Amino acid sequence: MVTLTEVARRARVTAATVSNVLRNREKVRPETAERVLSAIRELGYRPNLNARALAEGRSSTLALMLGNIANPFYPEFVLAAERAARRAGYFLMVCNTDDDAETGRAYLTQVAGTLAEGVIVLNTDIEINELCASAAIGAPIVLSLWEHPESPPGLPCVAVDFARAGALAATHLLELGHRDIGMLVGDGCGGLQDARANGFREVMRAAGIEPDAAAVLQIRDTIDAGYEACIQLMSNTPGLTAIFATNDLLAIGAMQALASLGRQVPEDVSVIGITDIQLAHQVRPALTTVAINTSSIAGLSIDLLIQLMQKGRVDASPPMLQGPPPKLVVRQSTCAPKRAG
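Quick summary incoming for the structure in this document. Worth saying up front: this structure is predicted, and the values here are computed from it rather than measured. (Residues numbered from 1 in each chain as written. Predicted model: local features only at pLDDT ≥ 70, side-chain atom pairs only at ≥ 80, totals over all residues. Heavy atoms only, no water.)

**Some points on the packing of helix 5 (residues 73-87) against helix 13 (residues 294-311)**
So, point 1. Packing of helix 5 against helix 13 leaves a shortest axis separation of 8 Å and a crossing angle of 50°. By the criterion of interaxial angle, the relationship of helix 5 to helix 13 is oblique. As for the relative orientation of helix 5 and helix 13, their crossing is right-handed in sense. For the pair helix 5 and helix 13, contact is made by Phe 73, Glu 76, Phe 77, Ala 80, Ala 81, Ala 84 and Ala 85 and by Thr 294, Ser 295, Ile 297, Ala 298, Gly 299, Ser 301 and Ile 302, respectively.
So, point 2. Among the residues forming the contact of helix 5 with helix 13, the class breakdown is nine nonpolar, four polar and one charged. (Axes fitted to C-alpha atoms, helices over the stretch in contact; angles between N-to-C directions. Helix = DSSP H or I, 4+ residues; strand = E, 2+ residues; numbered from the N terminus. Parallel < 35°, antiparallel > 145°, perpendicular 65-115°, else oblique. Left-handed = near helix turned anticlockwise from the far one by under 90°. Contact = heavy atoms within 4.5 Å. Nonpolar A, V, L, I, M, F, W, Y, C, P; charged D, E, K, R; others polar.)

Shown next as structure tokens:
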């Protein structure tokens, strides 16, 4: 492996000059910088980023800790976050906890403040007080996709009005004429998606409709769980004309189950989700959903983290940024219910 000293010898400069060129070539005379860059190209030198981080007391890497990379939503978020980090001159390290809190704690201990200068946490089982304690002694932490804007978590965060997302879904179904509506409420590693469900229920109650308890199921955030729950839902309450799912995976699973039962979507049962992952427009029928602007939220999270790193201190009142408002996206999985008779 080529060393920094070998590059310095080839370029006829000091090791400190090579280091300056790598960090900020504007500080070095152009002709000297070009000589160093030529030596780097000729020798194939690659900087040891870990060693640099230790020597300088800072890293050029950010960490993104998430619950389960197998969930199609997370790769989409990672892609947007990685692009935002790269634009700001940082690398992005992805830490998959596999829905295990102990794995998340190990990442915080081993990565935060050493390999990564800051951490974005996205839907993990780690308690808020543990994250606050880690941020107090290590690298800054930003909590992304916080679902309760009315209740700041005590950490810098980017919040999304998921209650409004649920309300938009309910309003859409009611305007189509649905009254017998089932609910699939996700319970992933980030916790129960109750803000979405509560927003949906509030609109329903305002219309004088109380969801049947037998038509509400709380399940894990997977397509398979949505499939199995929908089978149970239609057995419990076969007269349903629509199903609301708190995320798109559950909605897609529900559509598959309805097909297995010989029920057409949307003619027999309409289905609506929340998030608008790429699969939502790729399945058939294409899924009506309430879109969350993943790209903007990821960018806001990266920007907020970098601002905190540059400040180098924790505010008494951690900032909470509001993500773009959710937006209804009407596709082919919803329509007016069939009229009796």
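**Considerations on the packing of helix 1 (residues 4-11) against helix 3 (residues 30-43)**
So, point 1. Where helix 1 meets helix 3, the closest approach of the two axes is 9 Å, and the angle between their N-to-C directions is 125°. In terms of orientation, helix 1 and helix 3 fall into the oblique class. Crossing geometry of helix 1 relative to helix 3 is assigned as right-handed. Contacts from Glu 6, Val 7, Arg 10 and Ala 11 of helix 1 reach helix 3 at Arg 35, Val 36, Ala 39, Ile 40, Glu 42 and Leu 43.

**Points about helix 5**
So, point 1. Across its 15 residues, helix 5 extends 22 Å between first and last C-alpha, which sits within 8% of the 21 Å expected from 1.5 Å per residue.
So, point 2. Listed as buried for helix 5 are Phe 73, Tyr 74, Phe 77, Val 78, Ala 80, Ala 81, Ala 84 and Ala 85.
So, point 3. At its buried positions, helix 5 is contacted by strand 1 (61-66), strand 2 (91-96), strand 3 (118-122), strand 4 (141-146), strand 10 (270-275) and helix 13.
So, point 4. Directly after helix 5, the chain includes Gly 89, whose backbone phi takes a positive value near 90°. (Expected span 1.5 Å × (residues − 1). Buried < 20%, exposed > 50% of the residue type's maximum accessible area, 1.4 Å probe, protein only.)

**What to know about the packing of aromatic side chains**
So, point 1. Using the criterion set out here, one finds three aromatic pairs in the structure.
So, point 2. Between Phe 73 and Tyr 74, the aromatic rings sit 5.7 Å apart at their centres with planes inclined by 70°, giving edge-to-face as the arrangement. Tyr 74 carries the same exposure label as Phe 73, and that label is buried.
So, point 3. On the numbers, 6.2 Å between centres and 45° between planes, the contact of Phe 73 with Phe 77 is tilted. You can see Phe 73 and its partner Phe 77 sitting in helix 5, four residues apart, about one turn around the helix.
So, point 4. Look at Phe 73 and you get buried, because its relative accessible area is 11%.
So, point 5. The structure contains a cluster of three or more aromatic residues connected by ring pairs, namely Phe 73, Tyr 74 and Phe 77. (Phe/Tyr/Trp six-rings, centres within 6.5 Å; stacked < 30°, edge-to-face > 60°.)

**So, unusual backbone geometry**
So, point 1. For the bond running from Val 265 to Pro 266, omega is 10°, close enough to zero to count as cis.
So, point 2. Going from Arg 284 to Pro 285, the amide bond is cis rather than trans, its omega being -5°.
So, point 3. Note on placement: Pro 285 falls in the loop between helix 12 (279-282) and strand 11 (288-291).
So, point 4. Of note, the phi angle at Asp 98 is positive, near 55°, even though the residue is not glycine.
So, point 5. Here Asp 98 shows up in the loop between strand 2 and helix 6 (101-111).
So, point 6. Backbone geometry places Asp 276, a non-glycine residue, at a positive phi of 70°.
So, point 7. Within the secondary structure layout, Asp 276 lies in the loop between strand 10 and helix 12.

**Looking at the side chain of Thr 294**
So, point 1. Secondary-structure assignment places Thr 294 in helix 13.
So, point 2. What makes Thr 294 buried here is its relative accessible area of 11%.
So, point 3. Residues contacting Thr 294, with those up to four places away along its chain left out, are Phe 73, Glu 76, Phe 77 and Ala 80.

**Some words on helix 6**
So, point 1. Along helix 6, the positions that sit buried rather than exposed are Ala 101, Gly 104, Leu 108 and Val 111. All buried residues of helix 6 fall inside an arc of 120° around its axis, so they share one side. Exposed side of helix 6, more than 90 degrees from the buried face: Glu 102, Thr 109 and Gln 110 are the residues found there.
So, point 2. Buried residues along helix 6 sit in contact with strand 1, strand 2, helix 7 (128-137) and strand 4. (Arc of directions from axis to C-beta.)

**A word on the side chain of Thr 97**
So, point 1. Examined against the element boundaries, Thr 97 turns out to sit in the loop between strand 2 and helix 6.
So, point 2. Look at Thr 97 and you get buried, because its relative accessible area is 2%.
So, point 3. What Thr 97 contacts, discounting residues up to four positions off in sequence, is Met 65, Leu 66, Gly 67, Thr 103, Gly 104, Tyr 107 and Thr 124.

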